[in-house]
Structures are given as structure tokens and as C-alpha cells.
Amino acid sequence: MTFSIAIIGAGPAGYYTAEAALKHWGGAAHVDIIDRLPTPYGLIRAGVAPDHQSIKAVTKRYEATSLGEGVRFVGNVNLGADVSIDELLGLYDAVVLSVGAPHDKPLGIPGDDLPGVWGSAAFVGWYNGHPDFAGLDIDLSHHGAAIIGNGNVAIDCARILAKTPAELAISDIAGHAHHQLEGSGVRDVHIVGRRGPHQASFTTKEMGELGHLERAQPLVRAPDLPPLEADAALDPGLRKTVTHLRSFAATPRGDKPITIHFEFFRRPVAVEGNGKAERLIVETTRLEDGVAVGTGELHAIPCGLVIACIGYRTATIAGVPYDTGRGRFASDDTGRIFPGLYASGWARRGPSGTIGTNRPDGFSVVDAIVADTGGAGKGGAGPAGLDALLEGRGVRVTHFAHWQGIDAAEVARARPGAPREKIVSVAEMLGLIG
Ligand code: NAP
């Protein structure tokens with residue numbers, strides 16, 4: 001019997017799982033990579049910053065996997081609505097949930113529901129043209145923006161707000177966002193961290209980029225930096241990141257019109273405003289055993305835009321064990337939820353690491369599948385069964401050739417110098433492929 005695997009999610013975790021399956025079965029298995037959107041590549045398309053094109057080059061590798069023997073991309077299929085987990089478990093020998101962590105961790109402070117407060121999933125999805133978020137009304141008329149969190153997503157959001165329209169024009173930022181940012185009034189971008197420079201999750205390259213922006217200067221308050229000799233204890237990557245922060249603190253204030261203020265040791269306590277966000281209230285903190293403890297000293301950061309970049313959670317699926325504390329599926333270390341059902345990538349380990357961190361996950365999950373099944377199929381209906389079921393339900397499925405058509409159309413309508421102009425509406429994509 002031909003072994004069959006359904007991988008849910010066509011992002012990096014899904015593709016590395018498919019790659020591992022191809023390697024193990026050498027093309028002798030059926031591998032369906034199923035996605036809710038008509039397009040593949042998940043976070044590479046809708047999460048990675050549009051001005052980081054070199055990271056997106058990894059899609060060439062995923063394309064090779066898509067075209068591998070026995071592999072299909074099956075797009076525009078919504079798990080839960082179009083097909084259930086139980087149906088997939090009946091059709092395939094193994095089902096792998098590589099669905100990422102698409103939901104923002106809640107900020108949980110008074111005023112976090114005011115207009116002007118967004119989670120990074122929404123804001124990043126908006127500028128990247130994710131169909132769920134392309135229509136958001138992001139107000140950039142205010143002078144100030146507060147970005148909460150000291151990770152790379154916070155830096156991405158700050159950089160996108162700070163770059164000039166010309167700097168962004170050569171990226172694949174969605175046209176609507178490029179247009180809106182062209183008229184942006186934001187001049188003060190505050191990156192708010194509840195702990196200090198030594199506790200930040202920024203990486204070196206991303207931090208270094210902030211020092212080379214055409215119209216923005218990063219500003220660090222020197223007293224927020226620990227004594228220089230304390231850097232020796234840091235791991236080399238963080239030490240280099242902190243070195244950038246030290247150089248920002250030592251750079252005299254120039255005349256660039258936008259300032260990126262690092263607000264270390266500031267815990268967000270409330271968003272205030274008259275019917276919309278007007279200021280973020282933060283409390284100064286000090287560290288006790290690495291934990292941020294409030295001092296009672298409050299400050300107001302004037303801002304009409306608040307973006308919470310504080311991490312993500314995996315969506316729950318009825319009947320699939322979930323670790324609520326960690327915001328991901330409950331699985332063992334290999335990704336096994338129970339024999340037959342597995343998780344890989346952020347859906348297994350939470351939102352951490354780089355794109356490449358998902359590769360070993362894919363291999364580990366295939367090892368677990370082989371350990372549970374011996375790698376032999378049990379005779380389910382597999383891809384043919386899925387096709388029949390979806391056809392019966394009138395689901396309009398997209399395959400890799402359709403994506404190639406969408407891809408070509410996006411490249412053809414790109415701004416001068418840009419790699420593509422994304423189609424941001426599912427209806428338009430489906431219309432295009434006819
Ligand atoms: P992250 O690196 O985990 O950073 C989350 C930040 O949010 C931390 O500084 C955390 O502070 C803070 N935070 C959490 N809860 C908070 C709260 N309630 N109030 C205030 N602050 C809070 O997450 P991320 O930036 O979303 O990035 C996710 C992953 O994607 C990371 O592995 C990242 O490196 C990766 N990524 C990589 C790139 C790239 O390579 N270019 C770009 C984007 C994302 P504490 O430390 O105090 O908890």
C-alpha cells in the first residue's frame with residue numbers, strides 16, 4: 001500500500017516535513033500539503049518582512065519539494081470547514097499539523113481593545129498583503145507609534161514604519177500598505193521592552209539594519225545599558241546586538257526626521273484615549289532575578305498606533321489536545337500528538353527560532369511517523385479520497401500550477417524595482433486561475 005501523509009499548512013514547517021517525507025520514501029509516498037489559502041509558503045509570504053527578500057529565496061527549495069514525485073500542493077482548503085481532522089485521519093496514514101501560530105498573544109491591559117491597537121499578526125499581515133488583513137484600516141496619522149516587545153517582529157514593524165517610500169518601493173510590500181505609509185505622519189516610533197538590553201530577543205543583523213535607515217535614527221538611553229564589562233557574560237550573538245545598542249546610545253542626535261526610541265525597562269499598563277488610542281501608559285521596571293518588577297513610576301507615551309509584538313499562539317482544533325499555557329498543540333518532543341496525528345514547527349514548539357529551525361522538526365516528525373507505522377500504508381483512500389470529498393462539497397481546490405499562474409501575474413504587475421505586487425484577495429486569485 002502506498003503510504004499517504006496529509007500536511008496541514010504550506011509554510012516552512014509544512015514544506016520541511018514534506019521534504020523529510022520525500023527523502024524517506026523517495027517519491028514512493030503520497031504527500032499532500034494542504035493550505036487554507038490558494039497560495040503556498042505561509043510565513044515566508046505573509047510573515048517575513050517584505051524588505052528581507054534574501055530570506056524569501058528559500059521558496060525555491062519549497063518549489064522543488066512541491067514538484068517532487070508524489071507531492072501535491074492542495075490550496076484553498078479550510079480545515080474544520082471543508083474537511084475535518086477525523087476525515088483526514090481516516091483518509092491518510094498520517095496527518096501533520098504544520099499550521100503555525102497565527103493568533104496574537106493577548107496584551108491583556110486596560111484599553112487594549114481601543115481602535116489603533118493591533119497585534120503584530122494583524123499589522124504584519126496588513127503590510128504583507130495577507131488576505132485576512134489586507135483590508136484593515138491602519139491609521140498612521142498620529143505622530144507617535146508604540147511597538148510593544150523586544151523581539152525581531154518588533155524591529156520589523158519599526159523598520160517598516162521608519163523606511164522611506166523609496167526604500168520600501170523595491171520590496172514586495174503590498175501596494176495598499178505602501179500607499180498608506182507614503183502619507184504616514186509617524187515620526188516617533190517607541191520600541192517598548194519590559195526588561196533590558198541584556199534580556200532582549202533581537203538578533204544582530206536586524207538590530208544593525210536600524211543604524212542604516214535613510215530617514216530614521218535609533219535612540220538608546222545610556223543609563224538603560226548595563227556596565228560594559230557585563231556584556232562578556234552574554235552569548236556572542238546577543239553581545240553583538242548589545243554592541244549595536246551601545247553605538248546607538250553613543251551617536252549624537254542628527255537631523256533625521258524619524259526617531260526610533262528604545263524604551264527599555266518599561267512595562268505597558270494601559271492604553272488610554274478618547275474613543276481611540278492616544279497614549280500608552282508604561283511603568284518603569286527593575287529586574288529581580290531576571291523578572292521585570294514595576295516600580296510604580298508611570299509615564300505616558302503619546303501614540304495613535306500601538307502594535308503588540310509579544311508572541312503568538314496556535315489556533316485550537318476541536319478534538320486535538322492543546323497546551324493552553326504554551327499556546328500550542330500538546331505533543332511529545334518528536335511532534336507526536338498521538339500515533340497518526342503529529343505537529344511540526346511553531347504548532348509543536350511555539351513561535352521561536354528562524355525559518356531553518358523548522359527543518360529538523362520536519363525530520364523528527366517523519367521519524368516518529370515511521371516509528372509508529374513502520375512506514376507502511378494501511379490502505380486509506382488518501383489523496384483520491386480527499387479529492388472526491390472536496391469535490392462533493394464544491395470546494396474549489398488550487399494546485400501548484402495554479403500558484404505558478406498567480407505568481408506570474410504578481411510578478412507581471414510589480415512596481416518598477418519590486419519583485420511582485422501581491423494579489424491580496426482570494427476571490428481575485430480564484431478569478432485569475434479561471
Ligand atoms: P519574541 O522574540 O519571543 O519576542 C517577544 C517579546 O515580547 C519579548 O521581548 C517579550 O519580553 C515580550 N513580551 C511578551 N509578553 C509581553 C507582555 N505581556 N508585555 C510586554 N512584553 C511582552 O517574539 P517575536 O518577536 O514575535 O518573534 C517570534 C519568532 O520569530 C522569534 O524567534 C524571532 O526571532 C523570529 N523572527 C525572526 C525574524 C528574522 O530572523 N529576521 C524576523 C521576525 C521574527 P520578555 O522577554 O520579557 O518575555
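Everything numeric here is computed off the predicted structure, so don't read it as measured data.

Analysis parameters
- Residues numbered from 1 in each chain as written.
- Predicted model: local features only at pLDDT ≥ 70, side-chain atom pairs only at ≥ 80, totals over all residues.
- Heavy atoms only, no water.
- Pairing = 2+ DSSP bridges.
- Helix = DSSP H or I, 4+ residues; strand = E, 2+ residues; numbered from the N terminus.
- Axes fitted to C-alpha atoms, helices over the stretch in contact; angles between N-to-C directions.
- Near = heavy atom within 4 Å.
- Polar contact = N/O pair within 3.5 Å; in protein donor to acceptor, adjacent residues only side chain to side chain.
- Areas by Shrake-Rupley, 256 points an atom, 1.4 Å probe, with all protein chains shown as cover.
- Domains from an automatic or database assignment.
- Contact = heavy atoms within 4.5 Å.
- Buried area = accessible area lost by both parts, 1.4 Å probe.
- Parallel < 35°, antiparallel > 145°, perpendicular 65-115°, else oblique.
- Left-handed = near helix turned anticlockwise from the far one by under 90°.
- Nonpolar A, V, L, I, M, F, W, Y, C, P; charged D, E, K, R; others polar.
- Buried < 20%, exposed > 50% of the residue type's maximum accessible area, 1.4 Å probe, protein only.
- Phe/Tyr/Trp six-rings, centres within 6.5 Å; stacked < 30°, edge-to-face > 60°.
- Salt bridge = Lys/Arg side-chain N within 4 Å of Asp/Glu carboxyl O.

1. Regarding the sheet that holds strand β1 (residues 4-8)
- With respect to topology, six strands assemble into an open sheet ordered β3-β2-β1-β4-β19-β18, the strand pairing being mixed. Since the sheet does not close on itself, it has two edges, and those belong to β3 (71-74) and β18 (336-338), each with one partner. If you compare each strand with its neighbour and ignore which way they point, the axes differ by 20° on average.
- Alignment of β1 against strand β2 (residues 30-34), held across five bridges, turns out to be parallel.

2. Notes on the site of the ligand
- Residues in close proximity to the ligand total 19 residues, the closest being K105, R194, R195, E206 and G353.
- Measuring from a nitrogen atom of the ligand, one finds a side-chain N or O atom of K105 at 2.9 Å.
- Within the side chain of E206, an N or O atom sits 2.7 Å from a nitrogen atom of the ligand.
- Taking 920 Å² as the accessible area of the ligand by itself, protein coverage stands at 79%.
- Among the elements that make up the shell around the ligand, the one with the highest residue count is helix α7 (residues 152-162) (three residues).
- Viewed by domain, the shell around the ligand spans two of them, domain 1 (3-102 + 314-433) and domain 2 (104-308), each represented by three or more residues.

3. A closer look at the domain arrangement of the protein chain
- You can read the domains of the protein chain as domain 1 (3-102 + 314-433) and domain 2 (104-308).
- Computed from C-alpha atoms alone, the centre-to-centre distance between domain 1 and domain 2 is 31 Å.
- The partner domain 2 presents 28 residues to the 24 residues of domain 1 that form the contact.
- Overall, the association of domain 1 and domain 2 removes approximately 1,900 Å² of surface from exposure, summing both partners, and the carbon and sulfur fraction of that is 49%.

4. With respect to the packing of helix α1 (residues 12-25) against helix α4 (residues 59-66)
- The N-to-C vectors of α1 and α4 enclose an angle of 50°; their axes lie 10 Å apart at closest approach. When the interaxial angle is binned, α1 and α4 end up oblique. Remark: the crossing between α1 and α4 carries left-handed chirality. Across the interface between the two elements, P12, Y15, Y16, A18, E19 and L22 of α1 pack against R61, Y62, T65 and S66 of α4.
- Looking at the contact of α1 with α4, its residues break down into six nonpolar, two polar and two charged.

5. Digging into unusual backbone geometry
- The phi angle at N76 is positive, at roughly 65°, despite the residue not being glycine.
- Topologically, N76 is positioned in the loop between β3 and α5 (85-91).
- Residue classification places N76 among the buried positions, given a relative accessible area of 16%.
- A positive phi angle, close to 55°, is found at F265, a residue other than glycine.

6. Some details on the sheet that holds strand β11 (residues 266-272)
- If you trace the three strands from one edge of the open sheet to the other, you get β11-β12-β13, paired in antiparallel fashion. If you trace the sheet from one side to the other, it starts and ends with β11 and β13 (291-302), each paired once. On average, each strand axis in the sheet is inclined to that of its neighbour by 25°, with strand direction left out of account.
- In the sheet, strand β12 (residues 279-288) pairs with β13 via nine bridges, with the strands oriented antiparallel. Residue pairing across strands places E283 opposite L298, the latter belonging to β13.

7. A few points about the side chain of H52
- Inspection of the secondary structure assignment puts H52 in the loop between α2 (42-46) and α3 (53-56).
- You can call H52 buried: its relative accessible area is 5%.
- Within the structure, the side chain of H52 is placed 3.3 Å from the side chain of R159, a separation counted as a polar contact.
- A distance of 2.8 Å separates the side chain of H52 from the side chain of E209, its partner in a polar contact.
- Those residues within four positions of H52 in sequence are excluded, and the remaining contacts are D156, R159, K205, E206 and E209.

8. Observations concerning the packing of aromatic side chains
- For the coordinates displayed, the defined rule picks out twelve aromatic pairs.
- Ring plane angle 10° and centroid distance 4.7 Å describe the contact between F3 and W25, whose orientation is recorded as stacked. A residue pair is termed long-range when its members are at least 10 positions apart, and F3 in the segment before β1 and W25 in helix α1 qualify at 22 residues. We note that F3, like W25, is buried.
- Ring centres of Y322 and F329 lie 6.0 Å apart, and the angle between their planes is 85°; this geometry places the pair in the edge-to-face category.
- Classification of F329 as buried rests on a relative accessible area of 0%.
- Site record: aromatic cluster; members linked through ring pairs are Y15, Y16, Y41, Y62 and W403.

9. What to know about the pattern of salt bridges
- On inspection of all chains with the given rule, the structure shows 31 salt bridges.
- Two residues, D32 and R72, come together in a salt bridge whose shortest N-O distance is 2.8 Å. With D32 in strand β2 and R72 in strand β3, this residue pair connects regions lying 40 residues apart in the sequence.
- By relative accessible area, which is 22% here, R72 ends up partly exposed.
- For D407, the salt bridge goes to R420, with nearest N and O atoms at 2.8 Å. Separated by 13 residues along the polypeptide, D407 in helix α15 (residues 400-412) and R420 in the loop between α15 and α16 (426-433) bring together distant segments of the chain. Comparing D407 with R420 shows no difference in burial state: the two are buried.
- Put simply, D51, D156, R159, K163 and E209 are held in one network by salt bridges that share partners.

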